[in-house]
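One-letter residues, chain by chain:
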Amino acid sequence: MSRPPRPQFLARDSYRVRRLMDAARFLPVFGFVLLLLPLMRHSSDTEAPPTASEGVYLFLVWFGLVLAAFLMSLGLRRALDSSKERITPPED
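A. Layout of the overall build of the protein chain. What the protein chain contains, in helices and strands, is two helices and zero strands. Split into buried and exposed, the 92 residues of the protein chain put 10% on the buried side. When the accessible surface of the protein chain is totalled, it reaches about 8400 Å², and 66% of it is carbon and sulfur.

B. Layout of the packing of aromatic side chains. The final tally for this structure, using the stated rule, is two aromatic pairs. Their ring planes at 40 degrees and their centres at 5.7 Å tell us that Phe59 and Trp62 sit as a pair that is tilted. Of this pair, Phe59 and Trp62 both sit in helix 2 (residues 51–87), three residues apart, roughly one helical turn. The partly exposed category is assigned to Trp62, whose relative accessible area is 49%.

C. Layout of helix 1 (residues 12–40). Spanning 29 residues, helix 1 covers 40 Å between terminal C-alpha atoms, matching the ideal 42 Å at 1.5 Å per step. In the structure, helix 1 departs most strongly from a straight axis at Phe26, where the bend amounts to approximately 35 degrees and where the proline Pro28 lies between one and four residues downstream. Here helix 1 has its buried residues at Val17, Leu27, Gly31 and Pro38.

D. Examining a nonpolar patch on the surface more closely. On the surface, Phe26, Val29, Phe30, Phe32, Val33, Leu36, Leu37, Leu39 and Met40 cluster together into a nonpolar patch covering about 900 Å² of accessible area. Mapping Val29 onto the fold places it in helix 1.

E. Summary view of the pattern of salt bridges. In total, this model carries two salt bridges according to the counting rule given. Residue Arg19 is joined to Asp22 by a salt bridge in which the shortest nitrogen-to-oxygen separation is 2.7 Å. Pair noted here: Arg19 and Asp22 are both in helix 1, with a separation of three residues, about one helical turn. Overall, the relative accessible area of 38% leaves Arg19 in the partly exposed class. Connected via shared salt-bridge partners are Arg19, Asp22 and Arg25.

F. Structural detail: the side chain of Glu54. Its place among the elements puts Glu54 in helix 2. With near-sequence residues (within four places) excluded, Glu54 lies in contact with Pro38, Arg41 and Pro49.

G. Representation of the environment of Arg78. Assignment of secondary structure puts Arg78 in helix 2. For Arg78, a relative accessible area of 60% corresponds to the exposed category. Residues Arg78 and Val17, 61 residues apart in the sequence, show an inter-C-alpha distance of 9.9 Å.

What counts, and at which threshold
- Residues numbered from 1 in each chain as written.
- Predicted model: local features only at pLDDT ≥ 70, side-chain atom pairs only at ≥ 80, totals over all residues.
- Heavy atoms only, no water.
- Helix = DSSP H or I, 4+ residues; strand = E, 2+ residues; numbered from the N terminus.
- Buried < 20%, exposed > 50% of the residue type's maximum accessible area, 1.4 Å probe, protein only.
- Areas by Shrake-Rupley, 256 points an atom, 1.4 Å probe, with all protein chains shown as cover.
- Phe/Tyr/Trp six-rings, centres within 6.5 Å; stacked < 30°, edge-to-face > 60°.
- Expected span 1.5 Å × (residues − 1).
- Bend = angle between axes of the 7 residues up to and from the residue.
- Patch = residues over 30% accessible without salt bridge, like charges linked within 9 Å, V, L, I, M, F, W, Y side chains within 5 Å.
- Salt bridge = Lys/Arg side-chain N within 4 Å of Asp/Glu carboxyl O.
- Contact = heavy atoms within 4.5 Å.

So, in structure tokens, the structure goes:
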């Protein structure tokens with residue numbers, strides 16, 4: 001008889017780094033959808049769209065995307081630098 005297969009073990013650190021990489025890859029798609037939202041919610045009962053509120057919305061979305069990308073890059077840099085230190089053998 002063969003033994004039952006062992007459950008797959010994923011290291012916690014590498015799992016988190018991979019999910020952070022996935023989030024960084026998805027960020028432009030998420031930003032594109034957020035930037036298209038004002039175009040999709042234009043009501044037909046008014047002639048002109050509310051330009052001021054849409055301008056504020058677009059600026060806030062842009063600022064949020066820049067901030068999210070910055071925070072993700074910090075997390076990825078810290079995680080990838082620490083993994084390089086563990087892999088690199090000590091020099092004699």
